[in-house]
Amino acid sequence: MKGLFEHFATKALAVLIAASLWLYVSANQARQDSVPGDVPLTVSSVPAGLVPVYDTASVRIIVSAPGAVWQALKSDSFQAKLELAALKEGTVSVPVTVTSLVPGVEIAQVIPDHVIVRLEPEKAKQVKAAIKTSGQAAAGSVLGTTALTPDHVTVRGPQSELNALAQVSAEVKLNGETDGFERDVGWLAEDASGKALTHVRFEPQTAHVVIQLSKAGPVKNVGVHVVTSGHTSDGSILSAIVVNPATISISSEASLISGLQTIDTAPLPLDGVGAGDLSKVVSLVLPKGVNLVGGAATVQVKATLSQPQTERELTVGFDVKLPPNAKLVSTTPSSVKVVLSGPASFINSLSPNSVVVSIDASQKPLGTLVLDLAKTQVVVPTGVSVISLLPSSVQLLTAAR
């Protein structure tokens, strides 16, 4: 034991130096790993008159850095950019350039290291805007009257997103408010399915909203009635319509809502629309003094437009397929009457030459043949169906060439 404590100060100093050296080496030893969190992706040097469209919002990076440096690293310690200088309209794969804002860090890997960018001409479109709320006011309070300034906004962005633009809203997030309020809020652009459009910008950048809150009265669930306006381009009619949500909750004095069974929408415009599917976000038109309980004052309308169906009788001929050494002498009768069904505008434009009854006699013997006819032998354009044909048989007279 006596030897253990001899030269104690010297031994303690040696241990302290060794520990310090170990800590120094550990702190400065390089470590390679993923940076916590994704790094947001930005663009620079966008060519004039063009707008970049890309689906990747952020990248993941793997870096190498001393252990002491790692303690300070986070996603905003880096910048990830797409350099678009000198590029032209079209689609191109652009490398991602990552820069560390912290010294002593080496970028080992960027995931993904390239992003597909589509450069489109920038266009502008002025649209009518609405207020869209989310969240809830305080218990016992419901939305009353609202005001929006401005009620029109100019949207700038790529043509593809402007074509898909269905609605622009001033987005108001409620969080337990008990009294009315005013505030400046940002815009939200959505397509017909409610998906946010992310490559557009707005003029002005913000909207001013005035929100009044009212004391909640009796609550009633009612349906949504879709109102339409205008005329389709081809005479199509609404054959099916789906509204989401199909019912809403309203609140007001009992005398105001007792007789209400449905709430109308703003008109769904049909001008210039043809047969097919139509999807659009439309506003609800609430009667004066009636408030919406929760949710947005809009609904998603999906409509199917179809042309009216009609029937028409045509007298048509035959298309007869014979053996190579045969010829057709006669057919009795020489034509048949076919009743067809389909879209009115299409059916009415058909000529007898547009329809034919196909007969395959290529494997039949020469001479007189009596063949049954079926609806499946009537060759008609797509979208047209065969109701009947008369007579139901035909006599062919064939001979050798």
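Everything that follows concerns the structure shown earlier in this document.
Before going into details, it helps to say that this report is about the structure given with it. The structure displayed is predicted, hence computed values, not measured ones.

**Concerning the sheet that holds strand β19 (residues 262–264)**
Next up, step 1: What the four strands build is an open sheet, ordered β19-β15-β18-β22; its pairing is mixed. Both outer strands of the open sheet, β19 and β22 (291–292), are each paired with one neighbouring strand and no more.
Next up, step 2: Of the strand pairs in this sheet, strand β18 (residues 247–251) and β22 are connected by two bridges, and their pairing is antiparallel. Along β22, the bridge assignment pairs Ser251 with Asn291.

**Some points on the side chain of Ser362**
Next up, step 1: Relative to the helices and strands, Ser362 is located in the loop between β28 (356–360) and β29 (367–372).
Next up, step 2: Of note is the side chain of Ser362, whose polar atom sits 2.7 Å from the side chain of Asp360.
Next up, step 3: Not counting the four nearest positions on each side in its chain, Ser362 is found in contact with Lys321, Leu322 and Pro323.

**Looking at the pattern of salt bridges**
Next up, step 1: As enumerated under the stated definition, the model contains eight salt bridges in all.
Next up, step 2: The shortest N-O distance in the salt bridge between Lys132 and Glu190 comes to 2.7 Å. Note that Lys132 is positioned in strand β8 (residues 114–136) and Glu190 in strand β12 (residues 181–191), a separation of 58 residues in sequence.
Next up, step 3: Given a relative accessible area of 7%, Glu190 falls into the buried group.
Next up, step 4: Salt-bridge contacts for Arg201 lead to Glu203; the nearest nitrogen and oxygen are separated by 3.6 Å.
Next up, step 5: Of the residues examined, Arg201 reaches a relative accessible area of 41% and is grouped as partly exposed.
Next up, step 6: The structure contains a network of salt bridges with shared partners spanning Glu122, Arg156, Arg201 and Glu203.

So, how was this worked out
Residues numbered from 1 in each chain as written. Predicted model: local features only at pLDDT ≥ 70, side-chain atom pairs only at ≥ 80, totals over all residues. Heavy atoms only, no water. Pairing = 2+ DSSP bridges. Helix = DSSP H or I, 4+ residues; strand = E, 2+ residues; numbered from the N terminus. Polar contact = N/O pair within 3.5 Å; in protein donor to acceptor, adjacent residues only side chain to side chain. Contact = heavy atoms within 4.5 Å. Salt bridge = Lys/Arg side-chain N within 4 Å of Asp/Glu carboxyl O. Buried < 20%, exposed > 50% of the residue type's maximum accessible area, 1.4 Å probe, protein only.

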